[in-house]
Amino acid sequence: MIEILNENDFAWVNAIHNEAFGKNLSSKDFKAPYKIIGIRNLAYMIYTEVLNEVEIIFIAVDAAHKRQGLATEIINAIDGTIYLDVNENNFGAINFYKACEFTEYARRKNYYPDGDAILMKREERC
């Protein structure tokens, strides 16, 4: 079940984040303008939202629960046009986002230390 998360969820969200990205979150990541939703102890998404546009900042799933549709479930809980960027070398993430109907619309050259950022979006669904 997808829930709105808050500071009380920091420990488990940070553990998943550290496992996925090799760094810790900050308590600032749990404050405006950021919003956090997730499936308790399994997966989370940090994002911003303005009107009907959402930008995914981070999304991650606990390693033992990957490939079970949790990230797809979280993304599909969001209404509006969704934007994100992903490292051009992160083929698994790129394929996942394409499977979720995201399309590339631009690139940021040398955004990451090892490559470009691919800017992707999924249009608002009717």
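That block above? That's the structure.
Computed from a predicted structure; not experimentally measured.

Trainee: Explain the side chain of Thr-81 to me, please; I cannot follow it from the model alone.
Mentor: Residue placement: Thr-81 occurs in strand β5 (residues 81-87). A polar contact is formed between the side chain of Thr-81 and the backbone nitrogen of Glu-124, at a distance of 3.2 Å. In this structure Thr-81 touches Asn-52, Glu-53, Val-54, Arg-122, Glu-123 and Glu-124, once residues within four positions along its chain are discounted.

Trainee: Please explain the pairing of strand β2 (residues 35-39) as it appears in this structure.
Mentor: Two faces, one strand: in a regular strand the side chains alternate between the faces of the sheet. Across the five residues of β2, four count as buried, placing the element largely inside the fold. Turn length for the β2-strand β3 (residues 43-50) hairpin, with the two strands adjacent in sequence and antiparallel, is three residues, and the turn residue Asn-41 shows positive phi of about 65 degrees.

Trainee: Which parts of the structure should I look at to understand the packing of aromatic side chains?
Mentor: Aromatic ring pairs are described here by two measures, namely the spacing of the ring centres and the angle between the planes. Going through the model one piece at a time under the given rule, you end up with six aromatic pairs. Ring geometry for Tyr-83 against Tyr-105: centres 5.8 Å apart, planes inclined by 80 degrees, an arrangement best described as edge-to-face. On the criterion of sequence distance, the pair formed by Tyr-83 in strand β5 and Tyr-105 in strand β6 (residues 103-112) is long-range, its members being 22 residues apart. For Tyr-83, a relative accessible area of 22% puts it in the partly exposed group. Look at Tyr-105 and you get partly exposed, because its relative accessible area is 41%.

Trainee: When you look at the pairing of β5 in this model, what are you seeing that I'm missing?
Mentor: The buried fraction of β5 amounts to five of the seven residues, a majority that puts the element mostly inside the structure. Here strand β4 (residues 53-61) pairs with β5 via three bridges, running parallel. Looking at the pairing, Glu-53 lines up with Thr-81 of β5. Of the crossover connections in this fold, the one passing from β4 over helix α2 (residues 70-76) to the parallel β5 is right-handed. Direction of pairing for β5 relative to strand β7 (residues 115-122): antiparallel, over a ladder of six bridges. Its bridge partner being in β7, Ile-82 is matched across the sheet by Arg-122.

Rules used in this analysis
- Residues numbered from 1 in each chain as written.
- Predicted model: local features only at pLDDT ≥ 70, side-chain atom pairs only at ≥ 80, totals over all residues.
- Heavy atoms only, no water.
- Helix = DSSP H or I, 4+ residues; strand = E, 2+ residues; numbered from the N terminus.
- Polar contact = N/O pair within 3.5 Å; in protein donor to acceptor, adjacent residues only side chain to side chain.
- Contact = heavy atoms within 4.5 Å.
- Buried < 20%, exposed > 50% of the residue type's maximum accessible area, 1.4 Å probe, protein only.
- Pairing = 2+ DSSP bridges.
- Phe/Tyr/Trp six-rings, centres within 6.5 Å; stacked < 30°, edge-to-face > 60°.
- Right-handed = clockwise from strand over helix to strand, strands pointing away.

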